[in-house]
Amino acid sequence: MITEANQNLPLEIKVLSSSIQDPIFNLHPVLSSNTQAPILNLHYKETPSAQQLVNFEKDPLVALLALAINSGQNKFSASAKLYGSTPEEERNLLEEQKREVEGNFDIHDRGRIIDEFQQCFDKDSLLLGCACCGIRAFQMNKMLYHPVPVTELDLLKLNEERQLLFYAIPHPYQLSVSVYLSSSGKLYHLHPELVKDGIASLCSTCHRNITSSKPKIPKLCIAAGIDFGHPGRLGLPQLTLSEELLFCRSRQYVSILKLVGYNTSERQKAKKGHVITYPQPDGTTKLAELQRFNSNFDGREYPRTENFGEFLSICLIGSRLKFDSLIPTRFGDVNELRVRVDVVYLWLHALKHLNPLYRNASIIETEAMHMKLQNILKDHLMCQQMKFEILIKIQTCQCPFLS
């Protein structure tokens, strides 16, 4: 229930309630000439129904109400009374809250929920994919997949303009595009992996849109332009973080690789850790990267080796002895630090042929660039080691026990 506790909501939430009169927040159309559904606001006294909370992703006010209900925030509206109250009042209030929570969910509710889930979920159901939009889900309940011959999917055929664009792509790279070539030579906006013997598997939504009396292209399907390609069809390996930095158009984030060295046995050492990524801080570097990002046609040179160390830092947690045992020869096995020169160029050539934003890119494949890529990790690690030595000296000078 949304109650007077909304008076204690943050300011940015309370401001939204002042926009209730704006037509965009009117959740319900006129039901008749004399009847209108009530308009929701943050001071709504009753718990909104599920129907009133539809389209929450399009309305921030409805999203706030849904959050308050689903998170249980509204059940602790009286917790503000705890401040300044007597111990007895606190105990009574907490007991009241406890009874409310226990009363809303008991052992019978738990059993009912489990029973309903087991009735709805079929552990033997098939995991299928839609050839039209690519969604994967278990075929159960309302989520059904329909086999449809491609000969009945004329709506998904490539038009002449799309065909020209497709055939303009060099043959080896055409495989990455989600296009199915039928036995009759016609091209369809379909995932080829999900078409077997001329039969396409369609999810309920795509099937309903395409086979209705007034057929239309589904909003989230390949034919509507939702196709990001599939690098696996070209055999392109998955990239590491270091490799992505070498040819990304704009570096909007900086990453810190945190590593911890440890012994797996008496004679073997290993490293484990994780990557933390932060938005690029304000400054000249960020402005330069934003200019690259806003450029429609990038004619710059790749791979990008400049300022590599500014976007990837290494933080080693442990003693200096452990640091010396891991630097500089044993960091190549850290996956995110690996730079495979052949993989970098495979991706660059694929992007130049497939991505319009890389069409004018100049790919540098000189011997000097190859050597630079092979040594970029070593040079970066040596720079990190120098920073570490400076840090050690500073700490030594500041510590009276080590001076």
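For every chain, the first residue of the written sequence is number 1, and numbering continues from 1 onward in sequence order. Note on the predicted model: pLDDT of at least 70 is required for a residue's local features to be given, and 80 or more for side-chain atom pairs to be given and counted; whole-chain, interface and lining totals, by contrast, use all residues. Only hydrogens and water are set aside; all other atoms, that is, all heavy atoms of the structure, feed into the side-chain values.

K.L.:
I would appreciate a short explanation of the overall build of the protein chain in the present structure.
P.N.:
Numbering of helices and strands starts at the N terminus; helices are DSSP runs of H or I of at least 4 residues and strands are runs of E of at least 2. Looking only at helices and strands, the protein chain has 12 helices and 12 strands in total. Partly exposed residues are those whose accessible area sits between 20% and 50% of the maximum for their type, while under 20% is buried and over 50% is exposed, using a 1.4 Å probe and protein chains only. Residues classed as buried in the protein chain amount to 32% of the 403 residues present.

K.L.:
Is there a simple way to think about the packing of aromatic side chains in this case?
P.N.:
For any two aromatic rings, the description comes down to two numbers: the centre-to-centre distance and the angle of the planes. When the centres of two rings from Phe, Tyr and Trp lie within 6.5 Å, Trp using its six-membered ring, the rings pair. Their planes under 30 degrees apart give stacked, over 60 give edge-to-face, and anything left gives tilted. Evaluation of the coordinates by the stated rule reveals 5 aromatic pairs. Aromatic pair Phe117 and Phe121: ring centres 5.5 Å apart, planes at 10 degrees, arrangement stacked. On the basis of relative accessible area, Phe121 is assigned to the partly exposed category, the value being 36%. Both rings, one in Phe247 and one in Trp347, keep their centres 6.3 Å apart while their planes meet at 15 degrees; by these two values the pair is stacked. Placement of Phe247 in helix 8 (residues 241-247) and of Trp347 in helix 11 (residues 341-354) is noted, with a sequence separation of 100 residues between them. Here the two residues Phe247 and Trp347 agree in accessibility, since each one is buried.

K.L.:
Help me out: how do you make sense of the sheet that holds strand 7 (residues 199-203) in this one?
P.N.:
Across a sheet, strands are paired by hydrogen bonds formed along the backbone, either parallel or antiparallel in direction. For two strands to pair, DSSP has to find at least two bridges joining them. Within the open sheet, the 3 strands sit side by side as 3-7-6. Their pairing is antiparallel. Strand pairing shows two members of the sheet lacking a second neighbour, strand 3 (145-149) and strand 6 (195-196), which therefore form its edges. In this structure, strand 6 lies alongside strand 7, joined through 2 bridges in antiparallel fashion. From the neighbouring strand, Lys196 faces strand 7, where its bridge partner is Ile199.

K.L.:
Where do I start with the environment of Ser182 in this structure?
P.N.:
Checked against the element boundaries, Ser182 lands in the loop between strand 4 (180-181) and strand 5 (187-188). Residue classification places Ser182 among the buried residues on the basis of a relative accessible area of 9%. Separated by 16 residues in sequence, Ser182 and Gly198 place their C-alpha atoms 7.0 Å apart.

K.L.:
Which parts of the structure should I look at to understand the pattern of salt bridges?
P.N.:
Where charged atoms from two side chains of opposite charge approach closely, those side chains can pair. Whenever Lys or Arg places a side-chain nitrogen within 4 Å of a carboxyl oxygen from Asp or Glu, that contact is recorded as a salt bridge. Summed over the entire model, instances satisfying the criterion amount to 7 salt bridges. A salt bridge links Arg340 to Glu243; its shortest N-O distance comes to 2.8 Å. With Arg340 in the loop between helix 10 (320-326) and helix 11 and Glu243 in helix 8, the pair connects residues that are 97 residues apart, well separated along the chain. With a shortest N-O distance of 2.8 Å, Arg304 and Glu289 are connected by a salt bridge. Of this pair, Arg304 sits in the loop between strand 10 (301-302) and strand 11 (312-317) while Glu289 is found in helix 9 (residues 284-293), placing the two residues 15 residues apart along the sequence. Both residues of the pair, Arg304 and Glu289, count as buried. Linked by salt bridges that have partners in common, Glu289, Arg304 and Glu306 make up one network.

K.L.:
I keep staring at the nonpolar core and nothing clicks. Help me out?
P.N.:
Burial of nonpolar side chains together is a common tendency in soluble globular proteins. By nonpolar core is meant a set of buried Ala, Val, Leu, Ile, Met, Phe, Trp, Tyr and Cys residues that side-chain atoms within 4.5 Å join together. With 36 residues, the main nonpolar core has Leu246, Phe247, Leu337, Tyr345 and Leu348 as its most contacted residues. When residues of this core are traced back to their parent elements, those giving at least two are helix 8, strand 8 (253-263), strand 11, helix 11 and helix 12 (367-398). In terms of residues, this core owes the most to one element, helix 11, which gives 8 residues. Membership of the second largest hydrophobic core comes to 20 residues, among which are Ala137, Tyr145, Val148 and Cys203.

K.L.:
I tried to follow the confidence of the model for the protein chain on my own but got confused; where do I start?
P.N.:
Predicted coordinates in areas of low pLDDT are best not read in detail. Each residue carries a pLDDT score, the predictor's own confidence in it, on a scale running from 0 to 100. Here the protein chain averages 76 in pLDDT, while 72% of its residues score no lower than 70. For the protein chain, per-element mean pLDDT is lowest for helix 1 (residues 11-16), which scores 30, and highest for strand 5, which scores 96. We call two residues in contact when some of their heavy atoms are within 4.5 Å. Segment residues 1-37 is flagged for pLDDT under 50; beyond a separation of four residues in sequence, or across chains, it makes 51 contacts in the model. Taken as a whole, residues 389-403 scores under 50 in pLDDT and shows 4 contacts with residues more than four places along the chain or in a different chain.

K.L.:
Mind showing me how you'd approach a nonpolar patch on the surface here?
P.N.:
Side chains of Phe117, Phe121, Leu127 and Phe138 sit close together on the surface and give an oily, nonpolar patch of about 390 Å² of accessible area. Relative to the elements of secondary structure, Phe117 occurs in helix 4 (residues 107-120). Relative accessible area serves as the criterion here: at 53%, Phe117 is assigned to the exposed category. A patch is a set of surface residues, each over 30% in relative accessible area and not in a salt bridge, joined within 9 Å for like charges and within 5 Å for the nonpolar side chains Val, Leu, Ile, Met, Phe, Trp and Tyr. All accessible-area figures derive from a Shrake-Rupley calculation using a 1.4 Å probe, and residue coverage is judged against the displayed protein chains alone.

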